[in-house]
Amino acid sequence: RGPGNSGFFIVRSNCKMKVFMQTMVSLIGLIMTGRSDQMLWNTLLQEKRFRMVSFETLTTDKFISGFQVNIAHGTRRENLPSEHFIVHASWTTDQWDKIEKFYNVKHWYFTEDKCPRWYNFSFLPDLAERKWHIRDKTQEQEQKFKALGLFRDSP
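Here's a quick rundown of the structure. Each chain has its residues counted from 1, running along the sequence as written. Reporting in this predicted model follows two pLDDT cut-offs: at least 70 for local features of residues, and 80 or more for side-chain atom pairs to be given and counted; totals over whole chains, interfaces and linings ignore these cut-offs and use all residues. Each side-chain value is worked out from all heavy atoms of the structure, with water and hydrogens disregarded.

**Re the packing of helix α4 (residues 95-104) against helix α6 (residues 139-147)**
Condition: Whenever a helix is involved, its axis is fitted only over the stretch in contact; in every case the axis is a line through C-alpha atoms, and angles between N-to-C directions fall within 0 to 180 degrees. By definition, any uninterrupted DSSP run of H or I lasting at least four residues is a helix, any uninterrupted run of E lasting at least two residues is a strand, and each is numbered from the N terminus. Here the angle decides the label: under 35 degrees means roughly parallel, over 145 means roughly antiparallel, 65 to 115 means roughly perpendicular, and every other value means oblique. By definition, turning the near helix anticlockwise from the far helix through less than a right angle yields a left-handed crossing, and turning it clockwise yields a right-handed one. Any pair of residues with heavy atoms lying within 4.5 Å of one another is described as a contacting pair. Under the scheme applied here, ten amino acids are nonpolar (Ala, Val, Leu, Ile, Met, Phe, Trp, Tyr, Cys and Pro), four are charged (Asp, Glu, Lys and Arg), and all others, including Gly, are polar.
α6 packs onto α4 with a crossing angle of 60° between their chain directions and a minimal axis gap of 12 Å. By the angle between their directions, the pair α4 and α6 is classed as oblique. As for how α4 packs across α6, the hand of that crossing is left-handed. In this structure, α4 uses W96, D97, E100, Y103 and N104 to contact α6, whose residues at the interface are Q141, K144 and F145. Looking at side-chain class alone, the contact of α4 with α6 contains 3 nonpolar, 2 polar and 3 charged residues.

**Details of the packing of aromatic side chains**
Both the distance between ring centres and the angle between the ring planes are used here to describe each pair of aromatic rings. To be explicit about the condition: For Phe, Tyr and Trp, rings pair up if their centres lie within 6.5 Å, where Trp contributes its six-membered ring, and each pair is then called stacked (planes under 30 degrees apart), edge-to-face (over 60) or tilted (otherwise). To sort residues, take the accessible area from a 1.4 Å probe on protein chains only and compare it with the maximum for the residue type: under 20% means buried, over 50% means exposed, and anything in between is partly exposed.
The tally for this structure, following the rule as stated, stands at 6 aromatic pairs. Summarising the aromatic geometry, the rings of F20 and F50 are spaced 5.0 Å apart at their centres and angled 85° between planes, so their arrangement reads as edge-to-face. Placement of the pair is F20 in helix α1 (residues 15-26) and F50 in the loop between α3 (37-46) and β1 (63-64), with a sequence separation of 30 residues. Neither residue differs from the other here; F20 and F50 are each classed as buried. Relative to F151, the ring of F145 lies with its centre 5.3 Å away and its plane at 35°, an arrangement referred to as tilted. Grouping aromatic residues by their ring pairs yields a cluster made of F20, W41 and F50.

**Some points on the side chain of Q141**
By the secondary structure assignment, Q141 is in helix α6. For Q141, the residues in contact, after removing those within four places along its chain, are W96, D97, E100 and R130.

Below you can see the structure in the form of structure tokens.
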């Protein structure tokens, strides 16, 4: 059994998964310091205590992973398998690139049109929080998404 991708998972409600998830929660500090739950997730799956926990990974025609949506190549929704139902925007520089991936494949839903009840301009990602050394390289992306109303840029 190989590694699992923790970008998206469905957990069955049963005793063994309750213990597994309680263990994950109790070790949250490791995730916070290591900045990835995937390493802990896969380590625990190999532990004797959790040997009865089973998992399956979805195929890439159902679960679109980051490598399938390439910003530089301009991947669009019509380039993806038609039967997909989950998109994981991994393989990015930062969260703004994740938004671009979701937008490019028509899976960005936090807009005034698509989410009028909850949309609030002040909730948009703020480019002022983006690291300066990344901002120097992404001006074209930033201008495009500010014009589309997907980012804001506080002074």
